[in-house]
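These are the residues of each chain, in order.
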Amino acid sequence: VIEWGREGLQSRLQTFPPTPMSYQNRFRKPTVSHVAERAGVSVTTVSHVVNGVRAYSPETEAKVRKAIAELNYTPSYIAKGARQKTNHVLGVCTNDPGRTVDGSRKRFAEALWSGVAEEADRRGFSLLHYAAAIRTGTEPAPFLDGFVDGLLMLVQPEDSRPAALAAAGLPVVLMAASPELPDGVGGVCVDEGLVAATALDPLREAGHRRIAHLAGPEARGELGGTDGIARRRHAGYEAWATRHGAFRPGFVRSVGSWDPDSVADQLADWLALPEPPTAVFCAND
């Protein structure tokens, strides 16, 4: 293409034989009416043959099968789903792992997508990945076209769409959610108390007794924080430290955001103490 240049490429494209369908036209799926017309039978006859509702003469069935093969006809996926009350399709409203820039978030998105795809394969479900304009929008309507049997969402707690979708009757499950869920909405959330214990137990086994906690943004309730994950991990640390008699005032500091740049000042303050911590449990990597 570089060697040809624009003019050369255009001249070569003009020499290609014309295609039977413009590139702007979408694929037109043959319908049962097209099959009936080709076979010279009624639409009802084609439907009965395709679905095995009743037997016809070998000649009639042969004509219908021949027309189906010639037209590459397949029954409507949506119509079939309407009859069976399921399409075996799940909608997924979450980040696109291929487009996530931040490293840690990309790893999380990739792992999440991998798990969703693996389980969908195991259960025989197809997945519908929504366009960015729908994922980042505020309207529930695009999810209510009847195509998906249920919806997996990774959204912010203030997003009102899950509640509206559940009220409309669509099964919704929030991934990496908080325990505070809207009525009718399911969720998968992490046991943050177990997270804290899983991180802290090896430190204690290694001999550490002065273990500080670098908490997430506004983790403590008296600070008016709204980050549910930070609060629950802080609560897990406090419960563990109290259980092991290791809780010390001043050993909990909360960063302003999930930002590594704010860590250095916190560590400097701890290291200036007469008995500084010998280990730190961080709320996030």
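Here, residues in each chain are numbered from 1, in the same order as that chain's written sequence. Residues qualify for local features only when their pLDDT is at least 70, as the model is predicted, and side-chain atom pairs are given and counted only at 80 or more; totals for whole chains, interfaces and linings, by contrast, use all residues. For side-chain calculations, the full set of non-hydrogen atoms in the structure is used, while hydrogens and water are omitted.

**Q** Please set out the sheet that holds strand β6 (residues 211-215) residue by residue, giving values where relevant.
**A** Being paired, for any two strands, means DSSP has found at least two bridges between them. Only DSSP runs of H or I reaching four residues or more are called helices, and only runs of E reaching two or more are called strands; each is numbered from the N terminus. Strand order in the open sheet made by the three strands is β7-β6-β8, with parallel pairing throughout. Unpaired on one side and paired on the other, β7 (252-254) and β8 (279-282) mark the two borders of the sheet. In this sheet, neighbouring strand axes are inclined to one another by 20° on average, regardless of whether the strands run parallel or antiparallel. When β6 meets β7, the two strands line up parallel, connected through three bridges. From the neighbouring strand, His-213 faces β7, where its bridge partner is Val-252. Note on contacts: a residue pair is in contact if any heavy atoms of the two residues lie within 4.5 Å. A fitted line through C-alpha atoms represents every axis, and for helices the fit uses only the stretch in contact; the resulting angles, taken between N-to-C directions, go from 0 to 180 degrees. The strands that helix α9 (residues 192-205) touches are β6 and β8; relative to β8, the one it contacts most, it runs at about 170°. Contacts from helix α10 (residues 228-243) reach β6, β7 and β8, with the element oriented near 165° to β6.

**Q** Just give me the short version of the nonpolar core, but keep the residues and values in it.
**A** Residues Leu-200, Ile-211, Tyr-237, Trp-240 and Phe-281 are the most contacted members of the largest nonpolar core, which totals 16 residues. With residues near it in sequence (within four places) discarded, Trp-240 still touches Ala-197, Leu-200, Asp-201, Arg-204, Ile-211 and Ala-246. Here, nonpolar core refers to any group of buried Ala, Val, Leu, Ile, Met, Phe, Trp, Tyr and Cys residues whose side-chain atoms link them within 4.5 Å. Partly exposed describes any residue whose relative accessible area lies between the buried limit of under 20% and the exposed limit of over 50%, with all areas from a 1.4 Å probe on protein chains only and scaled to the type maximum. Of all hydrophobic cores here, the second largest spans 14 residues; its members include Cys-93, Phe-143, Ala-166 and Ala-177.

**Q** Explain a nonpolar patch on the surface to me, and be specific about the residues and the numbers.
**A** A contiguous nonpolar surface patch, about 250 Å² in accessible area, is contributed by Leu-267, Leu-271 and Val-280. In this fold, Leu-271 is placed in helix α11 (residues 263-271). Its relative accessible area of 62% is what places Leu-271 among the exposed residues. Patch membership is restricted to residues that have no salt bridge and whose relative accessible area is over 30%. Joining uses 9 Å for like charges and 5 Å for the nonpolar side chains Val, Leu, Ile, Met, Phe, Trp and Tyr. Per-residue and other accessible areas were derived by the Shrake-Rupley procedure at a 1.4 Å probe size, with only the shown protein chains allowed to occlude residues. Throughout this description, the term salt bridge denotes a Lys or Arg side-chain nitrogen within 4 Å of a carboxyl oxygen of Asp or Glu.

Just geometry here; none of it tells us what the structure is for.
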